[in-house]
Amino acid sequence: MKHARYSTSRQKVCHQCFTAKARCDRKTGRSLELFNPINVDQISNRWLNSYIPVPGQKVKDYPPTVSAFIYRILKSYVAVAMRGRGVPPFIHPLQITASSIRPPLSTCLSLIRICERPFPGSQSAASDVLKREMNNLYEQVHDDITLLAAFQAYLIYAMALFFALDEISTPFLRQVMMNLQDIACSSSRGGLMCVAEQQRSRPRWECWIAVEAKRRTLFTMYLFDSALSTRDGQQTFLGTELRGLPAPSSGCLWRARTRRGWQAAYNVDLADWPEGCFHIDELWPIPSEFGEEQARERRDRVDRWLESVDEFGTMMYAVTSLPEEPYSIFDKRQKALIVFIVSTAATFSGFASNIYFPALPTIAGDLNVSVELINLTVTSYLIFQGIAPSLWGPISDVKGRRVAYCCTFLVFLGACIGLAETKNYVTLIVLRCLQSTGSASTIAIGSGVIGDITTRADRGGFMGIFQAGLLVPVAVGPVIGGALAGSLGWRAIFLFLAIYSAAFLALLSLLLPETLRSIVANGSRTPSNPIARFPLLIYQKATKVKWNPEAGPSQLAARKRIDVTGPLRILVSKHAAPIIIFLAVYYAVWQMSITAMSSLFEASYGLTQTQIGLTFIANGVGSMVGTLVTGRILDVDYRRVKARHEAQFTQSNNIEAGNINLGPSSTDGTETFPLEKARLRLVPVFSLIQCLSILLFGWTIQYPARVPIAVPIVSTFVTGWTAVSTQSVVMTYLVDVFSDRSAAASASLNLARCLFAAGGTSFVMPLVDSVGVGLAFTICVIVQVVALLGVGVQWRFAPAWRREAEGKKHG
């Protein structure tokens, strides 16, 4: 469609006004004093929502009963016109008087009669007649008042094709919807609200009839769009672009037949609404962030509006006020239990890694191999810790979280039993790789679970708790490992892990519900698979979140195939690679310092195995404290940035030419929300502090005679706090960006950091032996400072890259 035809040629001035350079009465937006409180250009692009998701758009899941209600109501509008018993309620009676009816509408109300009870075999002929007339309407040039009539006529023709002539799912009907939204946009450019309405004064009658009929026609078109999408099996979306439009007016105003009667009714309406007119978005579900006072005020306004509306307004209330399904039906107690379970599950990766460190010299002596070879078991563990989630993460994103958890813990349990009985180095390194394969994926799967049950607004806090849980082993693992190795022998470490994993697997099977949204949606859908079915049924019955089991299941997320290359593609994608590589470098340096601690503290301060285990407590406590505090900071910071962004966006959209406030904005501005600013702006602070703590550790432990042991131990506390805080921030950011592939996103991050850490831990001791402790960790800090460039690249370019990737994904 040629936009110029509607934006300019439909607003041509007459010859006399052009000559006199005077204001022309044909330019209805001026003569009737109309304006637009919304961005009408978004109306013409609405048909794209089902194919190219727009940031901030909200899915409106209509239960089958409501969809059937919309279908029957719209069908009745067409039936009234076909049988000549009146006009649909979006056409004002004065529009069809002999003196004011425009050709598009008069032709439509006559032509539509051929659709009533057509003879067998004549439906295609009737359909062809309507299609030709619709093409004519679309191609013709109209002034603004005639354009409104054309909009109404085109809508009636489209509904007649769909409801009366069974043109249900044809390419022509899809094109009709695109044309209809284009015409709606063009008609809306003439104005959707009177300036007098905004100023709470009485407009001219003709002006009010035009905008009220236009708004009602627009609302009906949106309902028709929902009916078409439902029939085609596509998602329906809330019309957020209409936010700020007045809702259908009172029945007295719409039914008034004389100017005096209408003026009297409008004066009453002004007295009833001194604070401002009632808007269509006030019929939408009350936002969760509203306080009790705001919610009560909203309900009072809706009740006052319902007292005077006609049947059209009542119908709009029945449809638009449908309670929005919660993102997750799990209440706070249930979410806390789920997060506790997945956090405990994530401890196995850390336990299997950190409980091992104090026993490294003992294992080397028992198996008659060098410490460097035993360090290679740490390296191999980290390699498989990075690779394994790339398999289990995609499986959990497709087959379900419970299935993935059960499989990984069975692998881990078998490996621990084998390690407890190992007699040689080869068996040790092979089973350590297998153990890593089973334990490492618990982090990726846990991140997926949290992404399933939380929104961006509260995800930071839960991710903080999750990160704290998985870092408990960093604090207590070496202590337990040192105590077990010193008293019962190093094989007792793996026997302990076998008993711990078996007990937890039984607990997980009993308490963790399936959360994958492509299987259980928001938790309201009960799957047929027995593994996924229990204990979800118990959670559904016990939840305190209000949801309607009778309304039909919430819409499922799209099912995906198992894609083992998905984490790798995320890793190499330009809108994720910079921040992932940055974090991998910082994680590698952290792990290098932890791996070197045992040998350095033993050589420098002459500590025993048990004493070495105690030195790891500071690092672990710092990790837990950092992630708990950071989680809360993330949530507070996100809300602060969001509130500031929405305030700025609303203010900018409320200012028109001449600095006149023209009403609420058309959208909530989420498509331009600065996610990088909300999530990543604390990263440079944490990074620089970590660099300083690494320098302090390296140079103080090099001079044990001059520096007390407390100084390097305190530095490990700071390192653990900043390293895990950075990791928590980046993990939350990636889950936000890849919310539909949260486990795969976590796996990609895990792959990079573990591979970097594997490389770092393999050469940290040779580097220390060759250049000294202080200089070795100074080199590490230089690499960290260079890696900070990744944060700058992510901050500057990632928003555009994300939008580009989303366009390619749905293009």
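Residues numbered from 1 in each chain as written. Predicted model: local features only at pLDDT ≥ 70, side-chain atom pairs only at ≥ 80, totals over all residues. Heavy atoms only, no water.

## Points about the environment of Ile-43
Note the cut-off: Under the DSSP-based scheme used, a helix requires at least four consecutive residues in state H or I and a strand at least two consecutive residues in state E, with every element numbered from the N terminus. Each residue's exposure class comes from its accessible area (1.4 Å probe, protein chains only) as a fraction of the maximum for that residue type: buried when under 20%, exposed when over 50%, partly exposed otherwise.
Here Ile-43 lies in helix 4 (residues 41–44). The exposure class of Ile-43 is buried, given its relative accessible area of 0%. Along the chain, Ile-43 and Gly-239 lie 196 residues apart, while their C-alpha atoms are 9.0 Å from each other.

## Focus on the pattern of salt bridges
Think of it this way: side chains of opposite charge can pair up when their charged atoms draw near. Operational definition: A pair is scored as a salt bridge if a Lys or Arg side-chain nitrogen falls within 4 Å of a carboxyl oxygen belonging to Asp or Glu.
This structure, assessed with the given rule, holds 16 salt bridges. Between Asp-331 and Arg-333 there is a salt bridge, and its shortest N-O distance comes to 3.3 Å. Its salt-bridge partner being Asp-452, residue Arg-401 comes within 2.8 Å of it at the nearest N-O pair. With Arg-401 in helix 20 (residues 401–420) and Asp-452 in helix 22 (residues 441–453), this residue pair connects regions lying 51 residues apart in the sequence. Asp-452 matches Arg-401 in its accessibility class, with the two residues each being buried.

## Section: a nonpolar patch on the surface
Formally: Each patch is assembled from residues with relative accessible area greater than 30% and no salt bridge, linking like charges that lie within 9 Å and nonpolar side chains (Val, Leu, Ile, Met, Phe, Trp, Tyr) that lie within 5 Å. All accessibility values rest on the Shrake-Rupley procedure with a 1.4 Å probe; residue burial counts only the protein chains present in the view.
Residues Leu-337, Phe-340, Leu-507, Leu-510, Leu-511, Phe-534 and Ile-538 make up a contiguous nonpolar surface patch of roughly 630 Å² in combined accessible area. For the nonpolar patch, the secondary-structure elements that each account for two or more residues are helix 16 (332–354) and helix 25 (491–511). Looking at the nonpolar patch element by element, the count peaks at three residues for helix 25. As for its position among the elements, Phe-534 is in the loop between helix 27 (530–533) and helix 28 (536–542).

## Things to note about a negative patch on the surface
Applied cut-off: Neither His nor the chain ends is counted toward charge; the positive residues are Lys and Arg and the negative residues Asp and Glu. By convention, the charge on Lys lies at NZ, on Arg at CZ, on Asp at CG and on Glu at CD.
Together, Asp-272, Glu-297, Asp-300, Asp-303 and Glu-307 make up a negatively charged patch on the protein surface. Per-element tally for the negative patch: the top contributor is helix 14 (residues 292–306), with three residues. Looking at where Asp-303 falls in the secondary structure, it is placed in helix 14.

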